[in-house]
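This is what each chain is made of:
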Amino acid sequence: MQPQSVVSELQEHLPSMLSMDAQELSYQLQQHQAKIFPPQARKSLRAFSPAEAASFIGIGEGYLRQVAADGHGPEPLANGRRLYTAQDMDRIRQVLDERNGAPKYVPHRRAGEKLQVVSVMNFKGGSGKTTTSAHLAQFLALKGYRVLAIDLDPQASLSALFGHQPELDVGEGETLYGAIRYDSPRPIAEIVRAT
Ligand SMILES: Nc1ncnc2c1ncn2[C@@H]1O[C@H](COP(=O)(O)OP(=O)(O)OP(=O)(O)O)[C@@H](O)[C@H]1O
Ligand SMILES: [Mg+2]
C-alpha cells in the first residue's frame, strides 16, 4: 500500500475506531462500578450516640434525654438506648427553638449577613482538598447548617464520596454545566442533589 493511501485509510477509520474504544471503555467502567456499588445501593450516614448528638445540637446530655422523653427524640432501641440520626437532630433543634420562642439552635443568617462560601484550595494534587471539603460539608450539616457542596472537578470525586456515581447517576446536562451554559440552561434547583 502506498504511504498516501495508508494515511487516507487511517483518516477515514480513525474516528469510528476511537468512538468504539470510548464506548467499550465506558461500558467496562460502568460494569466495574455496578460491581463495587450495586444498583440502588445508597450511601447513608450512621446514627449518633446521645453524647454525640447533644454535642452537635449544643445542649447537655441530660437535657437531650429529657427532650427525647417528652416524645421528640427517636424511638428507643430494644436495649433502651436511643440513637440519633441527622434528621432527629434537626427536628430537636426546631423543637428547642419553638420552646425558646426565639431562634437559637437552628443556625440561621441574621439580617445583613451574607451567604458564606468556603473554598478548599491547594496547588498540589492529592493533598486532601476533596477529603477536607467532604468532611467540612458533613460536619457543618451535622451542626444544623444548610450546606451546598459544589463539585467542580471533572472526576467528580466529591460527588462519588457522597454516593453519586458520575458514570451511572449523572446524565447529560445534570452537572453544574447544565445550569450555567448559555443554551437552555436548567434551573440550578434541578441540578442540586440531596445526600
Ligand atoms: N488527613 C489525611 N490523612 C491521611 N490520608 C488522607 C488525609 N486526607 C486525605 N487523605 C488521602 O489522600 C488521598 C488524596 O486526597 P484527596 O483526594 O482528598 O486529595 P485532592 O487534593 O482532592 O486530590 P486531587 O488533586 O486529585 O483532586 C486520598 O486517598 C485520601 O484518602
Ligand atoms: Mg480532589
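No experiment lies behind these values; they were computed from the predicted model shown. (Residues numbered from 1 in each chain as written. Chains lettered and ligands numbered in written order. Predicted model: local features only at pLDDT ≥ 70, side-chain atom pairs only at ≥ 80, totals over all residues.)

J.: Please explain the nonpolar core as it appears in this structure.
T.: Side chains of a nonpolar character, in soluble globular proteins, are inclined to be buried together. If you look at the biggest cluster of nonpolar residues, it comprises 9 residues: Ala-53, Ala-54, Ile-57, Leu-64, Tyr-84, Met-89, Ile-92, Leu-96 and Tyr-105. For this core, the secondary-structure elements that each account for two or more residues are helix H2 (50-57) and helix H4 (86-100). If sequence neighbours within four positions are ignored, Ile-57 has contacts with Leu-64, Met-89, Ile-92, Arg-93 and Tyr-105. (Core = buried A, V, L, I, M, F, W, Y, C linked by C-beta atoms within 7 Å. Buried ≥ 20, exposed ≤ 12 C-beta atoms within 10 Å, placed from the backbone. Helix = DSSP H or I, 4+ residues; strand = E, 2+ residues; numbered from the N terminus. Contact = placed C-beta atoms within 7 Å.)

J.: Any chance you could explain the domain arrangement of the protein here in plain terms?
T.: When the parts come together, some accessible area is lost, and that loss is often what is quoted as the size of the interface. Splitting the protein by domain gives domain 1 (50-100) and domain 2 (129-191). The interface of domain 1 with domain 2 comprises 4 residues on the first partner and 4 residues on the second. Of the residues belonging to the side of domain 1 that touches domain 2, the class tally is 2 nonpolar, no polar and 2 charged. (Domains from an automatic or database assignment. Nonpolar A, V, L, I, M, F, W, Y, C, P; charged D, E, K, R; others polar.)

J.: Can you walk me through the site of ligand 1 in this structure?
T.: Neighbouring residues of ligand 1: Gly-125, Gly-126, Ser-127, Gly-128, Lys-129, Thr-130, Thr-131, Asp-153 and Ser-157. At 3 residues, helix H5 (residues 129-142) tops the list of elements feeding residues into the shell around ligand 1. Class assignment for the residues of the shell around ligand 1 results in no nonpolar, 7 polar and 2 charged. (Near = placed C-beta within 6 Å.)

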